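Single-letter residue listing:
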Amino acid sequence: MTSPASAQSDASGDAAQGERSRPGARELLGIAAIAAQLVLVLAVVRLFEIENRTFFDVMALATAGFVVHALLPLSLRLPFFAGLSLATVVVAFGFLDGVALIALGLVLIAIAHLPLGFWPRVALLCATGALYAVWRGGLLPQPWSLTIWPVLASMFMFRIALYMHARLHDAAPTTPLRALAYFFMLPNVCFPLYPVVDYATFFRTYYDRDALRVYETGVRWIVRGVIHLLLYRLVYLHLTLDPDDLRTLGDLVQFILTTFLLYLRVSGQFHIVVGALHLFGFRLPETHYLYYLASSFSDFWRRINIYWKDFMMKLVYYPSFFRMRRFGQSAGLIGATLVVFFVTWLLHSYQWFWLRGGFPIESQDILFWGLLGALVVFGSLREMSKPRKRKLGPAPKWSLSLALRTVGTFTAICVLWSLWSADSVSSWIVMWMVAGNATLGSVLALAGLFTAGVLIAGKDWSIREKYDDQAPPWYRRPAVTSVLPLLALLLLGNTQLYAPRTPQVATLVASLQGSTLNTRDAALQHKGYYEKLDNQSRMSAQLWSIQAQKPAHWVGLSETEAYVSRKDFTLAGLVPGAHIEFLDRPLSVNRWGMRDRDHALEKPPDTYRIAILGPSHVMGSGLADGETFSSYLEQELERSRNGVGPHFEVLNFGIAGCSLMTQLGVLEENALRFRPDLIVVTDSPLLANTVVNHVLSVVGDGYPIPYPDLDALVRETGVFALVDPGPPVPFASVRSALGALGIQTRMPWREARLRLRLVENDLVRWTFSRVAQVAKQHGAVGAFLLLDNVGNPPATPVAGLEDARAAGLVTFDLLDVWQGRDQAALRIAPWDNHPNPQGTRIIAQRLEELMQRHRSELRLEDALVTR
């Protein structure tokens, strides 16, 4: 504990040391080498688009700031760091929001320094926090953007408690300058999820070792963090699975494993944060230490998010333990540990409120923290009753006991992590239904994973870095640990160097050079266009970062007065005559319930009519009247006539959020009345998913299926048990057993969805066959348009395209229409991938070209004239 007198002495000593710490020739060469390595880091960050543009800008500012900071006398370095940190806030948020964030933070710092007692200051901080929470919830008008709250909260929601603790116990000098450096520290603006840096440790480690060694460690940790983020991106984009897509035991194992591996993003960010602070002299300890190699649950708690563990130990565990140990040492340990995990769960929800605007209190959270807490208690009691005996002599190179303990701990954590990440407990339980489908490939893969895990985990990798006067071995020198990985990444990122010889590797690496959504999140984003997402607290960081930009008024069509929810198989429609403002653009519906100009029911003579059905990109979400691609297509077709042949009418029957089955209903009920010559149904690569959702809604709401063959197909899956009376209970065998006891139960929604996913291709094929049959019966040509919102096409072919051809539909594949274009310039908003007017013109032009190629199949020989 530091007294005021010693603090003053330390400050004057720092000033004196500052005059003696001007860098000499050795230091200048070292600083230049560190700066060169940071330039390589910037090149890698830019090449792979790590995180976002703000991160690159802040890292560039930190690189330049590092050089200036390292050349200054020590007495000027802390003021420079504080000023640079404040500058990054303005750079990241702009002048107005940046100044607002700083001002709101200064209010909290000022309250902490008021000449009042400790508890009155705490009460004032709580009251101010409550006011900020009202602002965060959007309940009061505010002149600044909501985007500042996650970062402001990450600066103060936990660190203010540590700061007040330091002031109460006089753990370290607390001056306004130190407060500015501590709360607004440089990398914070890029990472709303930020390590809980302890105030006393922050300044106790400030230039407490050789400066160059500290800088070198910082670069090495930044490189490690970048590698973690690239590995995370590889797992996120190419290895994660949607729980609804699990079919075999191998799929289940892959899902559980990758769910835990996604934590690489947090450890990667935290390594970059602490590494960046090293560049400015703060020799902070690691935030994570080989957490995938923990050999017990207590060991796991000690290794993962170490700063959080230390925070809870200081503010929760020790106070609780000292109050409870009067009931015995074991009782104190058990009670204090359980309190820690209870508070951790509560603060996790508190943190979620500031980051994402909600306060989730969910059963899977309670189960995860409760089970993990119980396991840590059990491990701690076991360690206390049977302490490990230290053996003299060198440690064994490999230990089977260590391997089995580590693999067992890792497996249990993976299972727990999958529970924590699940949408609900019931969906997590239903997920295990596929475990019984163990193919030979699944068993072999599982055996291979276990063998590899045992071989890796049996070695003791816990070799801590030592700071001494001896030169490190060659393989631990900066040129190897930092420069070589950076050069390797730069070489790997230049895919044109090896693409001709290894195109698959080049394609894989190219997919990592940008922050995009994986298949699951793309489906969730697609769902979010039409309705509110079910569980935003379970949303991935990528999807949340996009959704967080969306204004409050940017709602799905179903929340507007232009949408009608029908109580039949079709499910949805537009309200005839509606005129609304939708996504900041006027949207008008004609008398026939179409997002189009008015059309006569009778087809004019000498006219070729095209009826286009589809979801939001057909209806024209975010477009004004007359800007849909159907309107532009009509213009293109009329222009292609060159005054010869029939006129063209393109009728837009699009409805946001509709599936192929909704399109079938609209076709038979409405579109056929206009006697179209060409019927085009439209969907995205997610067409099977929307068909499954459609059937689920029809069955779940109790609406009849008007097609006997479709009804029979759906009944074979057993999903009509979804509407049975009673509570939802997973597994048919369990429901049967409870039914034998007279207890009524029903199938959970998630299980019904899983059963329908098993026949989704059959549902799609049936729909295409029905569309083709209806078109033929009415003398029209049937066609399928495969079109997605602005983005890259999927890596694998869409099965529905071949199904449409097999049904006899003409197919138009426009999935590649956005490739090679500035996609950001073709979207209606950064948070919404629907095409803007420029994008819909591109669609219309491309579709008209394809129609030219298929004019014989479309019966357009006399209608279209080749340009």
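A. Structural view of the overall build of the chain. Counting its regular elements, the chain contains 34 helices and 11 strands. Radius of gyration (C-alpha) of the chain: 31 Å, near the 29 Å computed for a compact globule of 867 residues. Across its three principal directions, the C-alpha atoms of the chain cover 100 × 70 × 60 Å. The contacts in the chain between residues at least 6 apart in sequence include a share of 73% that link residues at least 24 apart. Here the chain displays about 38500 Å² of accessible surface, and carbon together with sulfur accounts for 61% of that area.

B. Quick look at the packing of helix H16 (residues 329-356) against helix H17 (residues 363-385). Between H16 and H17, the least distance of the axes is 9 Å, while the angle of their chain directions is 155°. Considering the angle they form, H16 stands roughly antiparallel to H17. As for the relative orientation of H16 and H17, their crossing is right-handed in sense. In this structure, H16 contributes Gln329, Ser330, Leu333, Ile334, Thr337, Leu338, Phe341, Thr344, Trp345 and His348 to the contact, and H17 contributes Asp365, Ile366, Trp369, Leu372, Gly373, Val376, Val377, Ser380, Leu381 and Met384.

C. Here's a closer look at unusual backbone geometry. Even without glycine at this site, glutamate 51 takes up a positive phi of about 60°. Locating glutamate 51 in the fold gives a position in the loop between helix H2 (25-48) and helix H3 (53-71). Backbone geometry places aspartate 606, a non-glycine residue, at a positive phi of 55°. With respect to the helices, strands and loops of the structure, aspartate 606 is situated in the loop between strand E4 (585-588) and strand E5 (607-613).

D. Broad picture of the sheet that holds E5. Read across the open sheet, the 5 strands follow the order E6-E5-E7-E8-E9; overall the sheet is parallel. The open sheet terminates on both sides in strands that have one partner only, identified here as strand E6 (647-652) and strand E9 (810-813). With strand direction ignored, the average angle separating the axes of adjacent strands in the sheet is 20°. Of the pairings in the sheet, the one linking E5 to E6 comprises 6 bridges and is parallel in character.

E. The environment of isoleucine 679, seen in detail. Relative to the helices and strands, isoleucine 679 is located in strand E7 (residues 678-683). As a C-alpha pair, isoleucine 679 and valine 781 span 102 residues in sequence and 6.1 Å in three-dimensional space. With sequence-adjacent residues up to four places away left out, isoleucine 679 is seen in contact with Ala611, Leu613, Leu667, Leu672, Ala775, Ala780, Val781, Gly782 and Ala783.

F. Fine view of the pattern of salt bridges. Applying the stated criterion across every chain yields a total of 30 salt bridges. Across the pair arginine 566 and aspartate 568 runs a salt bridge, and its minimum N-O distance is 2.7 Å. In this structure, the salt-bridge partner of arginine 765 is aspartate 803, at a minimum N-O distance of 3.6 Å. One end of the pair, arginine 765, is in helix H32 (residues 760-777); the other, aspartate 803, is in helix H33 (residues 799-806), with 38 residues separating them in the sequence. The exposure class of arginine 765 is partly exposed, given its relative accessible area of 37%. Each of the salt bridges in this network shares a partner with another, and the network as a whole consists of Asp244, Asp423, Arg750 and Arg753.

G. Molecular detail of H2. Over its 24 residues, H2 runs 35 Å from end to end, which matches the ideal 34 Å to within 8%, given 1.5 Å per residue. Listing the buried residues of H2 in full gives Gly30, Ile31, Ile34, Ala35, Gln37, Leu38, Val41, Leu42, Val44, Val45 and Phe48. Of the surrounding secondary structure, the elements contacted by the buried residues of H2 are H3, helix H11 (211-238), helix H21 (478-493) and helix H22 (503-511). After H2 finishes, the residue glutamate 49 shows a positive phi value of roughly 50°.

H. Representation of the pairing of E9. Of the strand pairs in this sheet, strand E8 (residues 781-786) and E9 are connected by 4 bridges, and their pairing is parallel. Looking at the pairing, leucine 786 lines up with aspartate 813 of E9. Taking the sense of rotation as the criterion, the β-α-β connection linking E8, H33 and E9 turns out right-handed.

I. Quick peek at the nonpolar core. Formed by 225 residues in total, the largest nonpolar core has its most connected members in Tyr182, Phe202, Phe282, Leu710, Leu763 and Phe784. In terms of residue count, H11 provides more of this core than any other element does, 13 residues in total. In this structure, Tyr632, Trp818, Leu826 and Leu847 belong to the second largest nonpolar core, which totals 31 residues.

J. Local environment of a nonpolar patch on the surface. On the surface, Phe342, Leu346, Phe359, Ile361 and Ile366 cluster together to form a nonpolar patch covering roughly 480 Å² of accessible area. Summarising the element assignment, isoleucine 361 is placed in the loop between H16 and H17. On the basis of relative accessibility, which here comes to 54%, the residue isoleucine 361 falls in the exposed class.

K. The environment of phenylalanine 629, seen in detail. Residue position: phenylalanine 629 is located in helix H26 (residues 629-641). Sequence separation between phenylalanine 629 and arginine 753 is 124 residues, and the spatial gap between their C-alpha atoms is 33 Å.

Cut-off values and rules
- Residues numbered from 1 in each chain as written.
- Predicted model: local features only at pLDDT ≥ 70, side-chain atom pairs only at ≥ 80, totals over all residues.
- Heavy atoms only, no water.
- Helix = DSSP H or I, 4+ residues; strand = E, 2+ residues; numbered from the N terminus.
- Rg over C-alpha atoms; globule rule 2.2 N^0.38 Å.
- Contact = heavy atoms within 4.5 Å.
- Areas by Shrake-Rupley, 256 points an atom, 1.4 Å probe, with all protein chains shown as cover.
- Axes fitted to C-alpha atoms, helices over the stretch in contact; angles between N-to-C directions.
- Parallel < 35°, antiparallel > 145°, perpendicular 65-115°, else oblique.
- Left-handed = near helix turned anticlockwise from the far one by under 90°.
- Pairing = 2+ DSSP bridges.
- Salt bridge = Lys/Arg side-chain N within 4 Å of Asp/Glu carboxyl O.
- Buried < 20%, exposed > 50% of the residue type's maximum accessible area, 1.4 Å probe, protein only.
- Expected span 1.5 Å × (residues − 1).
- Right-handed = clockwise from strand over helix to strand, strands pointing away.
- Core = buried A, V, L, I, M, F, W, Y, C linked by side-chain atoms within 4.5 Å.
- Patch = residues over 30% accessible without salt bridge, like charges linked within 9 Å, V, L, I, M, F, W, Y side chains within 5 Å.

None of this, on its own, says anything about what the molecule does.
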